[in-house]
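Each chain, letter by letter, is given below.
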Amino acid sequence: MPKLRSVKRKTFVKFLIYIGCFYKRTKGDHDVYDRSGLKRPIIITNSKDVPELHIRTNLRALGISIEEFLDIIDNRI
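Counting starts from 1 at the beginning of each chain's written sequence and moves along it residue by residue. Where totals are concerned, whole chains, interfaces and linings use all residues; where local detail is concerned, this predicted model gives features only for residues with pLDDT of at least 70, and gives and counts side-chain atom pairs only at 80 or more. Where side-chain values are given, they derive from all heavy atoms of the structure, hydrogens and water being excluded.

Chemist: Any chance you could explain the overall build of the protein here in plain terms?
Modeler: A run of H or I in DSSP becomes a helix once it reaches four residues, and a run of E becomes a strand once it reaches two; helices and strands are each numbered from the N terminus. If you tally the helices and strands in the protein, you get three helices and five strands. The N-to-C order of helical and strand elements in the protein reads β-α-β-β-β-β-α-α. Here the protein has a C-alpha radius of gyration of 12 Å; the compact-globule value for 77 residues is 11 Å, and the two agree. Along the first, second and third principal axes, the C-alpha atoms of the protein reach 35 × 30 × 20 Å. Here the globule rule reads 2.2 Å times residues to the power 0.38, and the radius of gyration is calculated from C-alpha atoms.

Chemist: Even after reading the chapter, I still don't get the packing of helix 1 (residues 9-18) against helix 3 (residues 66-76), so can you show me in this structure?
Modeler: To characterise two packed helices, one gives the angle between the axes of the helices and the distance between these axes. Where helix 1 contacts helix 3, the axes come no closer than 11 Å and their chain directions differ by 105°. One finds that helix 1 runs roughly perpendicular with respect to helix 3. Touching Thr11, Phe12, Phe15 and Tyr18 of helix 1 are Phe69, Ile72, Ile73 and Arg76, all from helix 3. Class assignment of the residues belonging to the contact of helix 1 with helix 3 gives a composition of six nonpolar, one polar and one charged. Only the stretch in contact is used when a helix axis is fitted, and all axes are lines through C-alpha atoms; the angle between N-to-C directions ranges over 0 to 180 degrees. Throughout, the term roughly parallel applies to angles under 35 degrees, roughly antiparallel to angles over 145, roughly perpendicular to angles from 65 to 115, and oblique to all others. Residue contacts are defined here by distance: any two heavy atoms, one from each residue, within 4.5 Å place the two residues in contact. Ten residue types, Ala, Val, Leu, Ile, Met, Phe, Trp, Tyr, Cys and Pro, are classed as nonpolar, four, Asp, Glu, Lys and Arg, as charged, and the remainder, Gly among them, as polar.

Chemist: I'm lost on the side chain of asparagine 58 in this one. Help?
Modeler: Turning to its location among the elements, asparagine 58 is positioned in helix 2 (residues 52-62). Each residue is assigned to one of three classes by its accessible area relative to the maximum for its type, calculated with a 1.4 Å probe on protein chains only: buried under 20%, partly exposed between the two thresholds, exposed over 50%. Given a relative accessible area of 2%, asparagine 58 falls into the buried group.

Chemist: Mind showing me how you'd approach the packing of aromatic side chains here?
Modeler: We describe a pair of aromatic rings using the distance from one ring centre to the other and the angle between the two ring planes. Paired rings are identified among Phe, Tyr and Trp, the last through its six-membered ring, by centres lying within 6.5 Å, and are further divided according to the angle between planes into stacked (under 30 degrees), edge-to-face (over 60) and tilted (the rest). Per the counting criterion, the structure on display carries four aromatic pairs. On the numbers, 5.7 Å between centres and 40° between planes, the contact of phenylalanine 12 with phenylalanine 15 is tilted. Here phenylalanine 12 and its partner phenylalanine 15 are both found in helix 1, three residues apart, which amounts to about one turn of the helix. In terms of burial, phenylalanine 12 and phenylalanine 15 fall into one category: buried. Ring geometry for tyrosine 23 against tyrosine 33: centres 5.7 Å apart, planes inclined by 75°, an arrangement best described as edge-to-face.

Right, dumping it as structure tokens:
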């Protein structure tokens, strides 16, 4: 299994848009993204990198495996 690592915020935003999420709003220093069919919105900080823990939590909410995520960011974006 490939190792999950923190990624740049810009890369994670590109990933979210690629899978059909859209920007909803900013609240404080967090951006909120949404997509139809999600139980809760995807929230990321405005810092440079998105930490591994936040990626795992958001992938769980999106129903996407770590392998799929890494494949998308490495090969499709």
